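So the chains spell out like this:
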Amino acid sequence: MRRKIAYPLATLGMVGSTLVIASPALAHGYVSSPPSRQALCAAGTVTDCGSIQFEPQSVEAPKGSKQCNGGNANFSILNDNSRSWPAKSVGTSTTFNWVLTARHRTASWVYYVDGTEVATFNDNNAIPEATVSHTVDLSKFPGKRTVLAVWNIGDTVNAFYSCIDLNVGGGATSTPTVAPTTAAPTVAPSASPTTAPTSSTTSSAPASSGSAWAPGTSYQTGDVVTFGGASYTCRQSHRSINSWEPSVYTLALWLPL
Amino acid sequence: MKRRLVAVALVAPFLLGACGTAPSSPAAPAAPSVQTVAEITAGATFNANDVMFLQMLADHQQQGLEMAAIGASRATRPDVADLAKAVSLTETDELTLMRSWLTEWQKPTTVDKRVSVHADHGGLPSTTDDEINSLKTVTKKDFETAFLNLFLAHQHNAVEMAQIELDKGANEQTKAFAERVKESRADQVQQMLKLLNG
């Protein structure tokens, strides 16, 4: 095993050193659901967030902070309560799900409400499981609350910070984001808490045949669009995004007519 | 390694030939002179970062295709399945592109060992065989949450790789491709976070 590791690193020695230089800017994890503030920024639900929009996993700072940005000045917007972060309605017991972009040995996962520690999950320096989620009892904290979730890394001095705005006890179901058992209940409530949708991502109108291609549109197989003076037919149903416009790179989605 | 290279060189023209869907007229605005991605050449100017980016992302993307296939077959909501299918199709073409450029440069199209961009400070890659296998065994009820969280991390990693290429790469085609990767994955992240939070 060691020999296998040494070989490519030696071969790519110059490249390896580049990665070492670049890596401090990279980062490692955040709470995706219920949505943390950085998740709301990355989803485009809250706009004008700055660089955090493209790196919600980057809220890294020394352990011990009780701030939403962990004290990381690059992301002070996360501390700004005047941004009216939409509060997700949840039951009194809520499951928090994490996205991990690197699997670091973990000391603990700690949850705070209004500065009070409400739950701690000790990992004893283990590497995280494939998916990480924690169910936390918030019954003593009804109403609108901001939960601070902290991932304490086992082998560095740092932690990763996520603030999640909740309306505890305000939900019809206890854990709406965790277990989508059927399609209907998870899709329907989405409109209400999303207070600041961007126009490009919420369009759900079906494309009329021959209309101009646009991002944020649900296209069905067989739909026809125009783009750059040419017509294309959709080959795989999808919701369009920037860079999936008809081109030589997207022949699998759009067939020129 | 040599054998792998030969195999790819043989496969690439076949894929090109198999692309019977190639347009009859040059209609693509992005690259009007070519009709399939396999015809796009990278050019002779490149550095070690360009090679590393394409090798790492190609390896990463093979994992992504595995995950997307599982997502397409196990997702409950059509929106999730359609996203997985569309990612699978577009990334398959991207993989062809990356391998043909590496072959053009006479570089291996595979990596011997999966290296995390966080390896220097103890971080394992976000996606390993364990993570992919977990998607096969997780209950139907929990599948979409598991899939979306794992695929979010996977696409965040692609953005990280693309950003390094944009900062350190030399080949213009590869950097333009990295920009496409960054943009498309960031938009997929938006979709997935919305799907996750219903």
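Residues numbered from 1 in each chain as written. Chains lettered and ligands numbered in written order. Predicted model: local features only at pLDDT ≥ 70, side-chain atom pairs only at ≥ 80, totals over all residues.

1. Things to note about the overall build of chain B
Looking only at helices and strands, chain B has 6 helices and 1 strand in total. Secondary structure elements of chain B, listed N to C terminal, follow the sequence α-α-α-β-α-α-α. Within chain B, counting contacts between residues at least 6 apart in sequence, those at least 24 apart form 70% of the total. (Helix = DSSP H or I, 4+ residues; strand = E, 2+ residues; numbered from the N terminus. Contact = placed C-beta atoms within 7 Å.)

2. What to know about the overall build of chain A
For chain A, the helix and strand inventory stands at 5 helices and 16 strands. Expressed as a percentage of the 257 residues in chain A, the buried residues total 41%. (Buried ≥ 20, exposed ≤ 12 C-beta atoms within 10 Å, placed from the backbone.)

3. Here's the deal with the environment of Phe-96 of chain A
All names here are of chain A. Tracing the backbone shows Phe-96 in strand β4 (residues 93-100). According to the C-beta neighbour criterion, Phe-96 is buried, with 25 such atoms within 10 Å. Remark: the alpha-carbon pair of Phe-96 and Tyr-111, spanning 15 residues in sequence, is separated by 9.8 Å. When neighbours within four sequence positions are excluded, Phe-96 is seen to be in contact with Val-31, Ser-133, His-134, Val-136, Ala-149 and Ile-164.

4. Brief notes about helix α5 (residues 140-168) of chain B
With 29 residues, α5 of chain B extends 42 Å from end C-alpha to end C-alpha; this agrees with the ideal 42 Å at 1.5 Å per step. In terms of residue burial, α5 of chain B counts as a mostly covered element, since 23 of its 29 residues are buried. (Expected span 1.5 Å × (residues − 1).)

5. Comments concerning the packing of helix α4 (residues 129-137) of chain B against α5 of chain B
Residues and elements named next belong to chain B. The interhelical angle for the contact between α4 and α5, taken along N-to-C directions, is 155°, at an axis separation of 9 Å. For the element pair α4 / α5, the angle class is roughly antiparallel. As α4 packs across α5, the resulting crossing turns out to be left-handed. Along the contact surface, α4 presents Glu-131, Ser-134 and Leu-135, while α5 presents Ala-146, Phe-147 and Leu-150. Of the residues assigned to the contact of α4 with α5, the class counts are 4 nonpolar, 1 polar and 1 charged. (Axes fitted to C-alpha atoms, helices over the stretch in contact; angles between N-to-C directions. Parallel < 35°, antiparallel > 145°, perpendicular 65-115°, else oblique. Left-handed = near helix turned anticlockwise from the far one by under 90°. Nonpolar A, V, L, I, M, F, W, Y, C, P; charged D, E, K, R; others polar.)

6. Regarding the pairing of strand β7 (residues 116-126) of chain A
All names here are of chain A. In this structure, strand β6 (residues 106-113) lies alongside β7, joined through 7 bridges in antiparallel fashion. Directly across from Thr-106, in β7, lies its bridge partner Ala-126. With antiparallel pairing between neighbouring strands as the criterion, β6 and β7 make up a hairpin whose turn holds 2 residues, including Asp-114 at a positive phi of roughly 50°. (Pairing = 2+ DSSP bridges.)

7. Some remarks on the pairing of β6 of chain A
For β6 of chain A and strand β9 (residues 143-153) of chain A, the ladder comprises 7 bridges, and the chain directions are antiparallel. The partner of Ser-108 of chain A across the bridge, within β9 of chain A, is Asn-152 of chain A.

8. Topic: the sheet that holds strand β11 (residues 211-212) of chain A
The strands making up a sheet associate through hydrogen bonds between their backbones, and the pairing can be parallel or antiparallel. Residues and elements named next belong to chain A. Strands sit in the order β11-β13-β14-β16 across an open sheet of 4 strands; the sheet is mixed. Strand pairing shows two members of the sheet lacking a second neighbour, β11 and β16 (254-256), which therefore form its edges. Where strand β13 (residues 224-227) lies against strand β14 (residues 230-234), 4 bridges are found, and the strand directions are antiparallel. Residue Val-225 lies in a different strand from β14, and its bridge partner there is Tyr-232.

9. Things to note about the sheet that holds β4 of chain A
Pairing in this open sheet of 3 strands is antiparallel, and the strands run β1-β4-β8 (chain A) from one edge to the other. The open sheet has two edge strands with one neighbour each: β1 (29-33) and β8 (132-137) of chain A. Put simply, the sheet's adjacent strands are angled 35° from each other on average, direction ignored. Alignment of β4 of chain A against β8 of chain A, held across 6 bridges, turns out to be antiparallel. Bridge pairing in β8 of chain A links Thr-94 of chain A to Val-136 of chain A. Those strands touched by α5 of chain B are β1 and β4 of chain A, and its axis lies near 35° from that of β4 of chain A.

10. Looking at the confidence of the model for chain B
Residue and element names in this part refer to chain B. A residue-level look at chain B finds 76% of positions with pLDDT of 70 or above and a mean pLDDT of 82. Low pLDDT, under 50, characterises residues 1-32; the stretch is placed with 41 contacts to residues that sit more than four places away or in other chains. Here the predicted complex scores 0.80 on pTM and 0.79 on ipTM. (pLDDT = per-residue confidence, 0-100.)

11. Points about the packing of helix α3 (residues 78-104) of chain B against helix α6 (residues 172-196) of chain B
Residue and element names in this part refer to chain B. For the pair α3 and α6, the least separation of the axes is 12 Å and the interaxial angle reads 165°. The angle between α3 and α6 falls in the class roughly antiparallel. Two packed elements cross with a definite hand, and for α3 against α6 that hand is left-handed. Of α6, the residues touching α3 (which contributes Asp-79, Val-80, Leu-83, Val-87 and Trp-101) are Thr-174, Gln-188, Gln-191 and Leu-195. Across the contact of α3 with α6, the residue classes tally to 5 nonpolar, 3 polar and 1 charged.

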